[in-house]
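Spelled out from the first residue to the last, the chains are:
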Amino acid sequence: MKALKKIVPTFLYYFPTTPFRLIVNARYVDLLYQIYQFANELGFPYFTFLIDFGHRDFDKPNEKPKKNYLKWEEKHTEILEEQLMLIVNNILSSYKQGIKRTQVLEFN
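Residues numbered from 1 in each chain as written. Predicted model: local features only at pLDDT ≥ 70, side-chain atom pairs only at ≥ 80, totals over all residues. Heavy atoms only, no water.

1. Here's the deal with the environment of V88
Right, on to step 1. Structurally, V88 can be placed in helix α3 (residues 74-96).
Right, on to step 2. In this structure the C-alpha to C-alpha distance between V88 and Y33, which are 55 residues apart in sequence, comes to 9.7 Å. (Helix = DSSP H or I, 4+ residues; strand = E, 2+ residues; numbered from the N terminus.)

So, in structure tokens, the structure goes:
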């Protein structure tokens, strides 16, 4: 993480419109807001994420799920909704205070 924090400012200097991209699956859905905050701290102007309902830990028909595989369930959808509301509330409260936050560019 320290190395990433050192590299990102230079990277964003040369590529200032680069969004922070994230694939969210069942294992990490509860970290969405925390990762959004991390992207904001790093200075990314945009945040975009893709929901991976299928979870790509395995894709062969006869292959067994890996150790940490979690199937997307209704509880994950509820967690996703909570995480999205945290992001939205954070953005709105920051705008009220005149603070520009990382914008959610795409939600797929």
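2. Some points on helix α2 (residues 32-42)
Right, on to step 1. Counted residue by residue, α2 has eight buried out of eleven residues, so it is predominantly covered.
Right, on to step 2. For α2, the elements touching its buried residues are α1 (2-14), β1 (19-24), β2 (46-51), α3 and β3 (103-107).
Right, on to step 3. Once α2 ends, the next one or two residues include G43, with phi positive near 100°. (Buried < 20%, exposed > 50% of the residue type's maximum accessible area, 1.4 Å probe, protein only. Contact = heavy atoms within 4.5 Å.)

3. Concerning the sheet that holds β1
Right, on to step 1. Read from one edge of the open sheet, three strands run β1-β2-β3, paired in parallel fashion. Whereas interior strands pair on both sides, the edge strands pair on one side only; in this sheet they are β1 and β3. Direction aside, the axes of adjacent strands within the sheet are offset by 25° on average.
Right, on to step 2. Note: β2 against β3, four bridges, orientation parallel. Within β3, the position partnered with T48 by the bridge is E106.
Right, on to step 3. Across the sheet, α2 lies against β1, β2 and β3, angled at about 165° from β1, the strand it touches most. (Pairing = 2+ DSSP bridges. Axes fitted to C-alpha atoms, helices over the stretch in contact; angles between N-to-C directions.)

4. Notes on a nonpolar patch on the surface
Right, on to step 1. Where nonpolar side chains cluster on the molecular surface, the patch consists of I7, F11, Y13, Y14 and F15 and spans about 620 Å² of accessible area.
Right, on to step 2. Residue placement: Y13 occurs in helix α1. (Patch = residues over 30% accessible without salt bridge, like charges linked within 9 Å, V, L, I, M, F, W, Y side chains within 5 Å. Areas by Shrake-Rupley, 256 points an atom, 1.4 Å probe, with all protein chains shown as cover. Salt bridge = Lys/Arg side-chain N within 4 Å of Asp/Glu carboxyl O.)

5. Regarding the environment of N40
Right, on to step 1. Among the secondary structure elements, N40 is positioned in helix α2.
Right, on to step 2. When the C-alpha positions of N40 and Q103 are compared, they lie 8.9 Å apart, and in sequence the two are 63 residues distant.
Right, on to step 3. N40 has contacts with R101 and T102, leaving out every residue within four places of it along the chain.

6. Notes on the packing of aromatic side chains
Right, on to step 1. Inspection of the entire model under this criterion finds seven aromatic pairs.
Right, on to step 2. Centroid distance F20 to F44: 5.3 Å. Interplanar angle 85°. Geometry classified as edge-to-face. With F20 in strand β1 and F44 in the loop between α2 and β2, this residue pair connects regions lying 24 residues apart in the sequence.
Right, on to step 3. A relative accessible area of 15% places F20 in the buried class.
Right, on to step 4. Its relative accessible area of 9% is what places F44 among the buried residues.
Right, on to step 5. A connected cluster of aromatic rings, assembled from ring pairs, spans F20, Y36, F44, F47, F49 and F107. (Phe/Tyr/Trp six-rings, centres within 6.5 Å; stacked < 30°, edge-to-face > 60°.)

7. Some thoughts on the nonpolar core
Right, on to step 1. F20, L22, V24, L32, F44, F47 and F49 are the most contacted members of the largest nonpolar core, which totals 21 residues.
Right, on to step 2. Mapped onto this core, the elements with two or more residues apiece are α1, β1, α2, β2 and α3.
Right, on to step 3. Ranked by residue count, the leading element in this core is α2, at six residues. (Core = buried A, V, L, I, M, F, W, Y, C linked by side-chain atoms within 4.5 Å.)

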